Amino acid sequence: MSEFHRLIEQQIRRLRRYAGALTRNRDRADDLVQDTLSRALDKQHLWQPGTNLGAWLFTIMHNQNVNNVRRDVRESAAVDIERVSATLPATTDPSASRKMVEIDRALARLPLEQRQVILLVGLEGMSYEDTAGILSIPVGTVRSRLSRGRDALRELLDMEERPAVSALPMAA
């Protein structure tokens, strides 16, 4: 197995996790990962060793997902979000499971642009710079979408608003 194939194999778990959260459909997520990996192997000659392979793969996945969404819109394919079952981790705490379902549903209600940024930064732990590169947007737009997305999630989850930094008591 080549070094490139080994490096790609190490990214598959992250690609699956992001694709599942992004598409909210196990079959579509599997297809998206497959399309991403196939395209990456076809375009292997375009990857520059020493650069961030994960960011390169996520960029391919983002572009493939945009193409899929556009195709689905053209074909008028509708997805019933309520029908799609979420894959959640097992827990013995019933309130934790309920909270995960609430978060999953709240994420689904966010605009795609905000959901993408929240998933890449929050779930995948990507930097703002890598996220901006993957989504082909400025870093400032990443910050703005992340802030608006977090605020929207708090509202959807009936959470208290975060106090402004200036509202915090000053140390004497």
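Residues numbered from 1 in each chain as written. Predicted model: local features only at pLDDT ≥ 70, side-chain atom pairs only at ≥ 80, totals over all residues. Heavy atoms only, no water.

### Some remarks on helix α5 (residues 112–123)
Within α5 the residues assigned to the buried category are Gln-114, Arg-115, Gln-116, Val-117, Ile-118, Leu-119, Leu-120 and Val-121. Downstream of α5 by one or two residues, Gly-125 has phi in the positive range, about 70 degrees. (Buried < 20%, exposed > 50% of the residue type's maximum accessible area, 1.4 Å probe, protein only. Helix = DSSP H or I, 4+ residues; strand = E, 2+ residues; numbered from the N terminus.)

### Thoughts on the environment of Arg-115
Mapped onto the elements of the fold, Arg-115 is located in helix α5. Taking the C-alpha atoms as reference points, Arg-115 and Arg-150, separated by 35 residues in sequence, lie 9.4 Å from one another.

### Remarks on the pattern of salt bridges
Evaluation of the coordinates by the stated rule reveals six salt bridges. For the salt bridge of Arg-6 with Glu-3, the shortest nitrogen-to-oxygen distance reads 2.4 Å. Linking Arg-6 with Glu-3, this pair stays in helix α1 (residues 3–23), spanning three residues, or about one helical turn. Under the relative-accessibility criterion, Arg-6 is labelled partly exposed at 34%. Of the residues examined, Glu-3 reaches a relative accessible area of 46% and is grouped as partly exposed. (Salt bridge = Lys/Arg side-chain N within 4 Å of Asp/Glu carboxyl O.)

### Here's the deal with the environment of Ala-106
For Ala-106, the position within the fold is in helix α4 (residues 94–109). Judged by relative accessible area, Ala-106 falls into the buried class, the value being 3%. Once the C-alpha coordinates of Ala-106 and Leu-153 are considered, the two residues, 47 residues apart in sequence, prove to be 6.2 Å apart. Those residues in contact with Ala-106, other than ones at most four positions away along the chain, are Leu-153, Leu-156 and Leu-157. (Contact = heavy atoms within 4.5 Å.)

### Side note on the environment of Val-142
Along the chain, Val-142 turns up in helix α7 (residues 139–156). Linking Val-142 and Val-117, residues 25 residues apart in sequence, is a C-alpha distance of 6.5 Å. Residues within four places of Val-142 in sequence aside, it is in contact with Val-117, Val-121, Tyr-128, Thr-131, Ala-132 and Ile-137.

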